Amino acid sequence: MTGLLLRRLLVVPPVLLAASVLVFALPRLAGVDPARAVLRARSADAVPDPAVEERIRASFGLDASPVEQYLRWLAAVLRGDLGNGYVSGVPVLAQVGTAATVSGLLTVLALVVAAAVGVPAGAYAARRPGGPLDRVLGAGTVAGVAVPEFVLAPWLVLLFAVGLGALPALGWGGPEHLVLPVLTLAAYPGALVAQLVRAETVTVLARPHVRAARAKGLGEHAVLWRHGVRLATTSVTALAGLLVAGLLGGSVVVEVVFAVPGLGRLLQQAVPAQDLPVIQAGTLLVVTVAVLAGVLVEIVATALDPVQRSARGAR
Amino acid sequence: MIVRRRGRLTLAALTTAVLLLAGCGGAAPAPGGELTVALQFPPRADYAFDADDGARLQSLGVAETLTTVDDGARPAPLLATSWEQQGDAWRFTLRQGVVFHDGTPLTPEAVVTALRYVAGVEAPPRAVRGTGFAIAVDGPDAVRITTAEPDPVLPLRMSSGNLGILAPAAYAGGGAPGYLRSGTGPFVLTEVDGAESAQLVRNDAYWGDRAGAARITVRYVEDPQARALAVQAGDVQFAEGIPQAQLDQVRSAGAEVVEYPNARTVPLQLNQSRPPFDDVRVRRAVTAAIDRPVLAGQVLGGGAAPAADLFGAAVPWGATAPPPAADVTTARRLLAEASHGPDDPLTVRLWTFPNRPELPTLATAVQAMLAEAGIRAEITVGNYEAQEPQVLAGDYDMFLNSRSYLSDFPDAASTLTSDYTCDGSYAIDRYCDPAYDALVDRLNGTADPVQRQELFRQAAGMLTADAVGVMLVHPVNTAVLRGATGFVPDPLQVRPVLPQLTPTG
């Protein structure tokens, strides 16, 4: 297990280094001229003034070679210095830190809700495949997977904020502001988890050892949870890594629609403004979280699954 | 008995009337309450005066400038009560009794500190950039502003929101000025949460009319649908920039909808530096082929007014008569005259960009209209940044653009010069006519607003006569109110928006 942990963690630095090269190079390869971007972002409709552009270029250190700029940027990032936004002039660390806290909270809550709803829904649907509950939940999960966030979010607002007046339509502050964004974010992973748990549980419940357990008089509830769901959670755990990455990326729509000051919204504002330090820091953070979540999930899944654990241990 | 019954009926009727009036209380202004508003564009540069953000402090009613403008787009008093030109300089007499939000008085020294700061930054705002701007104290109640050349529109320039004046303490740090509690306007900015929100409190010591609300929470909400839903849910009482598709929805929720002109034009720019658009007959054929009323009314669903001219209803000198509908027969005739007929169909490239979502939609409609007349347009929707160098270098055929024709203060000289003179810095159409340049040159010596506006009109008329591109539409601004009243539309976008808003009910 320790060997597995080390092997997996050793992969992380080179992956992140490669990601840092891409994060730094891609905007420039896409034709973004940072100096011009600074000017344009501050003053819309501006016809670039070459003299001002040159002064901006020099003051931001953009006149150095790309390799030098990259190395300087990487060294600063490793020191924890993300600099100031080109456009706002505000420290990037503060901007990204605040936004990541918001997105992190939304992501964790969405995963909790997805698991809390998806696991029991999938388990109970698996008890009688083809039964009324299974069919209803099946339709619900298909809708949960198929309906995109930009459609679901306004419908939730229309129902809970406009119709019932029970929740705020947008904003950030109190616990009430969490409900609709979390529900929107949890719909897709919740449906996916329910589908996965149902499929796995149906398979497990048909296995001989489960039939034997039933024959020995074990109650249906215990059979379902001890034998069926327990094994299905291994697959759900493996899925969690992908879901974290998906939620971090997918939160853009939710954060924009609900005016939530998270990482997705920060990036959504920074990209058209071409605020490179913010784009680079935000993207690098998302990549880092996704990579670490993937590694963590693999380790946890191995720890949970005795078959995998013994197979890896034998290597 | 009958009398008593009548008395009861009267009482019931009166009670009903009172209850109805109470129910309709939403329409009665109730000054002193609180409002939450949803604004479209978040601050991108931390309210910096040298960026477009500078004008935000003005529109919020926080910072004020030396002058403002009246409905005729003429300079009007604000922190300066009068001004006079003295050669290369203008002398502005300051209003007495004005106090900054931090309690210090407005003095000539404070004005000099503020304006020297903004004129001295790396990239000064357009209103003063390249003018040789210099300012000095001129007596106990005035400042003197000098420019490299005599400037006929300096009082108008001083209305630019980028030239707001904050208390001297705001500039003491040496960097960007501190904007909290340092303006002179009807609202005090007390708190800012980045690009998310801002808190305004009424300035009860304001020198002018008091604001309608005691406190306003400003939320920056970029998603138009979210703004509309927030109005419907009652989360905000005022929102700007609601798309046409959602206006009926907010109307049905009881909101008041205001539509007003925007000082912006969507032109189809035609490269005159090479064939086929170096031939005025082809340009006129394109103009005749395009049905601008259809573009505005049907393609954009009423979200724009059809453009007859470079300038529209947002400015006093703009054209308000609608443009003609398409005349395909004339278009085909003109093309035939220019030797482009069915045997020699004209194929051109039409470029545009998606930053403004209406542009790709318009490009598709224009493509269909041109096809009717026998012009095949191949559309490319790309990144504006990538397209601009080629477009400015004259390496394009057609470019569908979106252009504000006022830059920070309501005077069109800058656009008429940069976009259409022979040496213009943004002369995309590559139009060059000495007669036009001479006309625009006369603006340098014309201070009278009425005469200037007449010159603007004539210049726009020349562009239309020469078919310098096709001015397609002028976008329309929208605002909605529910639980508030008093919105005063400002097509010129240089006057405060929030101080007039008053809560209702």
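Please read these numbers as outputs of a predicted model, since none were measured by experiment.

### Concerning the overall build of chain A
Here is step 1: A tally of helices and strands in chain A yields 13 helices and zero strands.
Here is step 2: When the helices and strands of chain A are placed in sequence order, the string is α-α-α-α-α-α-α-α-α-α-α-α-α.
Here is step 3: Summarising its shape, the C-alpha atoms of chain A cover approximately 85 × 60 × 30 Å along the three principal directions.
Here is step 4: The buried share of chain A, reckoned over its 315 residues, is 45%.
Here is step 5: Carbon and sulfur atoms provide 71% of the accessible area of chain A, an area that totals close to 14900 Å².

### A word on helix H6 (residues 132-146) of chain A
Residue and element names in this part refer to chain A.
Here is step 1: Between its terminal C-alpha atoms H6 stretches 21 Å, which fits the 21 Å expected from 15 residues at 1.5 Å a residue.
Here is step 2: Among the residues of H6, Asp134, Thr141 and Gly144 are the ones counted as buried. The buried residues of H6 occupy one face: seen down the axis, they fall within an arc of 90°. Turned more than 90 degrees away from the buried face of H6, the exposed residues are Pro132, Arg135, Val136, Ala139 and Ala146.
Here is step 3: For H6, the secondary structure elements touched by its buried residues are helix H5 (92-127) and helix H8 (176-205).

### Structural notes on the interface of chain B and chain A
Here is step 1: Opposite the 34 residues of chain B that make contact, chain A presents 38 residues.
Here is step 2: Buried area between chain B and chain A, summed over both chains or domains, comes out near 3000 Å², and the portion from carbon and sulfur atoms is 48%.
Here is step 3: Applying the counting criterion to the chain B and chain A interface returns two salt bridges.
Here is step 4: On inspection of chain B and its partner chain A, the count reaches six residue pairs in polar contact (both at pLDDT 80 or more).
Here is step 5: Among the elements of the structure, strand E10 (215-220), helix H5 (224-233), helix H11 (384-392) and strand E18 (403-404) of chain B are those that each provide at least two residues to the side of chain B that touches chain A.
Here is step 6: Top contributing element to the side of chain B that touches chain A by residue count: H5(B), with six residues.
Here is step 7: Looking at the side of chain B that touches chain A residue by residue, the classes come out as 14 nonpolar, four polar and 16 charged.

### Things to note about the sheet that holds strand E6 (residues 134-137) of chain B
All names here are of chain B.
Here is step 1: What the four strands build is an open sheet, ordered E4-E5-E7-E6; its pairing is antiparallel. Edge strands, defined here as strands with exactly one partner in the open sheet, are strand E4 (80-86) and E6. The average angle at which neighbouring strand axes cross in this sheet is 20°, direction not considered.
Here is step 2: Where E6 lies against strand E7 (residues 142-146), four bridges are found, and the strand directions are antiparallel.

### Details of the packing of aromatic side chains
Residue and element names in this part refer to chain B.
Here is step 1: The full count for this structure, using the stated rule, is 17 aromatic pairs over all chains.
Here is step 2: Relative to tyrosine 171, the ring of tyrosine 117 lies with its centre 5.6 Å away and its plane at 50°, an arrangement referred to as tilted. You can see tyrosine 117 sitting in helix H3 (residues 108-119) and its partner tyrosine 171 sitting in the loop between helix H4 (154-157) and strand E8 (187-193), a full 54 residues away along the chain.
Here is step 3: On the numbers, 5.5 Å between centres and 70° between planes, the contact of tyrosine 431 with tyrosine 436 is edge-to-face. The residues tyrosine 431 and tyrosine 436 share a single accessibility class, namely buried.
Here is step 4: An aromatic cluster is defined as three or more aromatic residues linked by ring pairs; in this entry it consists of Phe311, Trp317, Tyr405 and Phe456.

### Remarks on the confidence of the model for chain B
Residue and element names in this part refer to chain B.
Here is step 1: Overall, the prediction assigns chain B a mean pLDDT of 90, with 94% of residues at 70 or greater.
Here is step 2: A low-confidence stretch, residues 1-26 (pLDDT under 50), is modelled with four contacts involving residues beyond four sequence positions or located in other chains.
Here is step 3: For this predicted complex, the interface score ipTM comes out at 0.80, while the overall pTM is 0.85.

### Let's talk about the pattern of salt bridges
Residues and elements named next belong to chain B.
Here is step 1: Taken as a whole, this structure holds 30 salt bridges over all chains when the rule is applied.
Here is step 2: Its salt-bridge partner being arginine 202, residue aspartate 204 comes within 3.2 Å of it at the nearest N-O pair.
Here is step 3: Members of the salt-bridge network, linked through shared partners, are Arg274, Arg349, Asp395 and Asp397.

### Overview of the environment of B:Thr320
Here is step 1: Of note, B:Thr320 is situated in the loop between strand E14 (304-306) and helix H9 (328-337).
Here is step 2: Sequence separation of B:Thr320 and B:Ala305 is 15 residues, and the distance between their C-alpha atoms is 9.4 Å.

### Some points on the state of the cysteines
All names here are of chain B.
Here is step 1: Following the criterion strictly, the structure yields one disulfide over all chains and no others.
Here is step 2: Across a sulfur-sulfur distance of 1.9 Å, cysteine 422 and cysteine 432 are joined as a disulfide pair. With the S-S dihedral at roughly 95°, the linkage between cysteine 422 and cysteine 432 falls on the right-handed side. On the criterion of sequence distance, the pair formed by cysteine 422 in the loop between helix H12 (413-420) and helix H13 (434-441) and cysteine 432 in the loop between H12 and H13 is long-range, its members being ten residues apart.

Conventions adopted
Residues numbered from 1 in each chain as written. Chains lettered and ligands numbered in written order. Predicted model: local features only at pLDDT ≥ 70, side-chain atom pairs only at ≥ 80, totals over all residues. Heavy atoms only, no water. Helix = DSSP H or I, 4+ residues; strand = E, 2+ residues; numbered from the N terminus. Buried < 20%, exposed > 50% of the residue type's maximum accessible area, 1.4 Å probe, protein only. Areas by Shrake-Rupley, 256 points an atom, 1.4 Å probe, with all protein chains shown as cover. Expected span 1.5 Å × (residues − 1). Arc of directions from axis to C-beta. Contact = heavy atoms within 4.5 Å. Buried area = accessible area lost by both parts, 1.4 Å probe. Salt bridge = Lys/Arg side-chain N within 4 Å of Asp/Glu carboxyl O. Polar contact = N/O pair within 3.5 Å; in protein donor to acceptor, adjacent residues only side chain to side chain. Nonpolar A, V, L, I, M, F, W, Y, C, P; charged D, E, K, R; others polar. Pairing = 2+ DSSP bridges. Axes fitted to C-alpha atoms, helices over the stretch in contact; angles between N-to-C directions. Phe/Tyr/Trp six-rings, centres within 6.5 Å; stacked < 30°, edge-to-face > 60°. pLDDT = per-residue confidence, 0-100. Disulfide = S-S within 2.5 Å.

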